[in-house]
Amino acid sequence: MVTSAEEAAESYERVCKGFLDQAIQVKGMPTRVISGGGENQSNTVSSSGSRVSLKFDALLPSIRERLRWCVMNYSLQAELYLGQQISHFQVQLQRFLEQVPAGGTKDKAIKSQISEIKKELRPLAEWDRLFYIYKTMSFPSEIQYIFALEGDPIAAIWHYSQSDEQGEYRKTYNHKQRDGHVYAVRGNWAIRKGLMKARSPDGYIDDIDRPCQEIGCMCHLQWLYGIRRLPHDMVTEKGWSELRRVNAATQTGNHAQEPNIPAERETERKGLGSRLMRWFGRG
């Protein structure tokens, strides 16, 4: 009567493919909206912007690869989770049986434990539903990660969620120790220009597992786009020199020379002053 880990993974894969179909339809992260339009009007739109929409077809192979990875990871973790739940139940059942003498007993204290065993059996029969809740953001989080990298971020701050401490599942990881740590994006424009470096011992964001991949993880990343927002020890001497030069240029109104930094994506904002502030984290 208990769903197998394989069956749970197959069900999860169907859900993920349905989500991917929606992402393909809107060319971005599918988001439901409240609309006063007609019944035939779609209430799902993209919340990822035009930049992602234009590049979506090129990003699709990476998204499909992450879908396969998420399903594989789900299957492995589901098998581990189910095994732990069954093992816990079997230990409790064995302790009860060891108290029952040969031929049975009318001891009310021993018989009362049967109700407790039944309480443990009910959630075991529905383990896959609870496990899915633990893992529901796994694939959407991976899609969002791919889209975020298209915005040319230079680093990410890990934010721990207190929700990780909720639930009965005993965590096999400790993300609380990552809270507030800043991880560099490998090969970003600021590193290529020598304006920043990875922070020791944090390193690069692709060196660690990402939020929502461990069972029950509800952490998230805050992306950084300008070197002004980085911790001081991640900015190089060249980076500080550029910051001082930009500050001087914006204060004196001398906008004759742009900093030696590649332009970021096109935006609605115009003018050198706004571009300088965007590069260095003021925009």
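Here the structure is shown first, and the text comes after it.
What you are looking at is a predicted structure, and each value in this text was computed from that prediction instead of being measured. Each chain has its residues counted from 1, following the order in which its sequence is written. A pLDDT threshold of at least 70 governs which residues receive local features in this predicted model, and a stricter bar of 80 or more applies before side-chain atom pairs are shown or counted, although totals over entire chains, interfaces and linings include all residues. Here the side-chain values reflect all heavy atoms present in the structure, with hydrogen atoms and water set aside.

Peer 1: Would you take a moment to explain helix α1 (residues 5–26) for this structure?
Peer 2: An α-helical turn contains 3.6 residues, so any two residues separated by three or four positions project in the same direction. A helix here means a DSSP run of H or I that spans at least four residues, while a strand means a run of E at least two residues long, and both kinds are numbered starting from the N terminus. To estimate the expected span of a helix, subtract one from its residue number and multiply by 1.5 Å. For α1, with 22 residues, the first-to-last C-alpha span of 32 Å sits near the 32 Å given by 1.5 Å per residue. Here α1 has its buried residues at A5, A8, A9, Y12, C16, L20, A23 and V26. Looking down the long axis of α1, one finds its buried residues gathered within 120° of arc, a one-sided arrangement. Those residues of α1 that are exposed and aimed more than 90 degrees away from the buried face are R14, D21 and Q25. Phi turns positive one or two residues past the end of α1, at K27, with a value near 55°. Residue burial is assigned from relative accessible area. The probe radius is 1.4 Å, only protein chains are included, and a residue is buried under 20% of its type maximum, exposed over 50%, and partly exposed in between. Directions from the helix axis toward the C-beta atoms define the arc.

Peer 1: How should the sheet that holds strand β5 (residues 220–224) be read in this particular structure?
Peer 2: To summarise the sheet geometry, strands pair through backbone hydrogen bonds and adopt either a parallel or an antiparallel arrangement. If you walk across this open sheet you meet the three strands as β4-β3-β5, and the pairing is antiparallel. Only two strands of the sheet have a single neighbouring strand rather than two, namely β4 (182–184) and β5. The average angle at which neighbouring strand axes cross in this sheet is 30°, direction not considered. For two strands to count as paired, DSSP must find a minimum of two bridges between them. Relative to β5, strand β3 (residues 155–159) runs antiparallel, the two being bridged by five bridges. Bridging across to β5, A156 finds its partner in W223. Only the stretch in contact is used when fitting a helix axis, every axis being a line fitted to C-alpha atoms; angles between N-to-C directions are given from 0 to 180 degrees.

Peer 1: Mind showing me how you'd approach the packing of aromatic side chains here?
Peer 2: To describe a pair of aromatic rings, you give the distance between the ring centres and the angle between the ring planes. Between 30 and 60 degrees the pair is tilted, below 30 it is stacked and above 60 it is edge-to-face, where a pair is any two Phe, Tyr or Trp rings, Trp via its six-membered ring, whose centres lie within 6.5 Å. Enumeration according to the criterion identifies ten aromatic pairs in this entry. Here Y74 and F131 contribute two aromatic rings whose centre-to-centre distance is 4.9 Å and whose plane-to-plane angle is 75°, an arrangement assigned as edge-to-face. With Y74 in helix α2 (residues 49–99) and F131 in helix α5 (residues 127–135), this residue pair connects regions lying 57 residues apart in the sequence. Summarising the burial analysis for this pair, Y74 and F131 share the class buried. A centroid spacing of 5.1 Å and a plane angle of 45° characterise the contact between Y81 and F131, whose relative ring orientation is tilted. Of this pair, Y81 sits in helix α2 while F131 sits in helix α5; the two residues are 50 residues apart in sequence, bridging distant segments of the chain. Judged by relative accessible area, which is 3%, Y81 ranks as buried. Both a distance and an angle decide whether a charge sits over a ring: NZ of Lys or CZ of Arg must be within 6 Å of the ring centre and within 35 degrees of the ring normal. We note R66 situated over the ring of W69; from NZ or CZ to the ring centre the distance is 4.5 Å. The ring of Y145 has R210 sitting right over it, with the charged end atom 3.9 Å from the ring centre.

Peer 1: Looking at this structure, I do not really get the nonpolar core. What am I missing?
Peer 2: Buried residues of nine kinds, namely Ala, Val, Leu, Ile, Met, Phe, Trp, Tyr and Cys, make up a nonpolar core once their side-chain atoms join them within 4.5 Å. In this structure, I63, F139 and F147 are the most contacted members of the largest nonpolar core, which totals 34 residues. When contributions to this core are tallied by element, the ones reaching two or more residues are α1, α2, α4 (113–125), α5 and α6 (138–149). With 14 residues, α2 is the largest single contributor of residues to this core. Apart from residues no more than four positions distant in its own chain, F139 is found in contact with Y12, C16, F19, L20, I63, R66, L67 and C70. Judged by nonpolar contacts, the second largest core, of 15 residues, contains A155, I157, A184 and L243. The contact criterion used throughout is that any non-hydrogen atoms of two residues lie within 4.5 Å.

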